[in-house]
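These are the residues of each chain, in order.
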Amino acid sequence: MDINELIANVKKKLKKKIIIENIKIEDKTFLHKKHANFQEGKFHIKIILESNELRSLNRIDSNKKIYNILSDELNKHIHSIQIIIR
């Protein structure tokens, strides 16, 4: 899976399960290529979400919800994820 497919898939899955006013996903993989534990084919992404639904939850619960929705992608294609909820 390439990064564009991954981003499209992540957006689709999150929008299906969470009420989202706005979403932006950035590929931050290039910042980690020199790290010792870098894995080729696994991506580092930053997700910026505007969601009243997620804001109504505490930070741990909102992150858990996102991690549960993206569990397959996290196992196969995502090495790290940064989540910002506005």
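What comes next is a walk through the structure.

Thresholds, definitions, all that
Residue positions are given per chain, counting from 1 as you read along its sequence in written order. Where local features are concerned, this predicted model is filtered to residues with pLDDT of at least 70; where side-chain atom pairs are given and counted, the filter is 80 or more; whole-chain, interface and lining totals use all residues. Note that the side-chain values use all heavy atoms of the structure and ignore hydrogens as well as water. Each helix is a run of DSSP H or I of at least 4 residues and each strand a run of E of at least 2, with the numbering of both proceeding from the N terminus. Radius of gyration: C-alpha atoms only; globule rule: 2.2 Å multiplied by the number of residues to the exponent 0.38. In this scheme, a residue with accessible area under 20% of its type's maximum is buried, one over 50% is exposed, and one in between is partly exposed, where area comes from a 1.4 Å probe on protein chains only. By definition, residues are in contact when any of their heavy atoms lie within 4.5 Å. Fitted lines through C-alpha atoms serve as axes, helices being fitted only where they are in contact, and the angles separating the N-to-C directions of these axes extend from 0 to 180 degrees. Note that the term roughly parallel is reserved for angles under 35 degrees, roughly antiparallel for angles over 145, roughly perpendicular for angles of 65 to 115, and oblique for everything else. In a left-handed crossing the near helix is turned counterclockwise from the far helix by less than a right angle, and in a right-handed crossing that turn is clockwise. Ten residue types, Ala, Val, Leu, Ile, Met, Phe, Trp, Tyr, Cys and Pro, are classed as nonpolar, four, Asp, Glu, Lys and Arg, as charged, and the remainder, Gly among them, as polar. Paired strands are those between which DSSP finds at least two bridges.

Let us now look at the overall build of the protein chain. Along the protein chain, the regular secondary structure elements total 4 helices and 3 strands. Overall, the protein chain shows an N-to-C arrangement of helices and strands of α-β-β-α-α-α-β. For 86 residues, the compact-globule estimate of 2.2 N^0.38 gives 12 Å, and the C-alpha radius of gyration of the protein chain, at 13 Å, lies within 12% of that figure. If one aligns the C-alpha atoms of the protein chain with their principal axes, the spans along those axes are about 35 × 20 × 20 Å. Expressed as a percentage of the 86 residues in the protein chain, the buried residues total 37%. The long-range fraction of contacts in the protein chain, counting pairs at least 24 apart against all pairs at least 6 apart in sequence, stands at 65%.

Turning our attention to the environment of Ala8. Here Ala8 lies in helix α1 (residues 3-17). Classification of Ala8 as partly exposed rests on a relative accessible area of 45%. Measuring from C-alpha to C-alpha, the distance between Ala8 and Ile25 comes to 9.1 Å, with 17 residues separating the pair along the chain.

When two helices pack together, their arrangement is given by the angle between the helix axes and the distance between those axes. Interhelical geometry of α1 versus helix α3 (residues 59-69) gives an angle of 125 degrees and a closest axis separation of 10 Å. As judged from the angle between their axes, α1 and α3 are oblique. The two elements α1 and α3 cross, and the hand of that crossing is right-handed. For the pair α1 and α3, the contacting residues are Lys13, Leu14 and Lys17 in the first and Lys65, Ile66 and Ile69 in the second. Among the residues forming the contact of α1 with α3, the class breakdown is 3 nonpolar, no polar and 3 charged.

This brings us to the sheet that holds strand β2 (residues 43-50). One open sheet holds the 3 strands; their spatial order is β1-β2-β3, and the pairing between them is mixed. Of all strands in the sheet, those with a lone pairing partner are β1 (22-27) and β3 (78-85), marking the two edges. When strand polarity is set aside, the average angle formed by the axes of neighbouring strands in this sheet is 20 degrees. Sheet analysis places β2 next to β3, joined by 7 bridges and oriented parallel.

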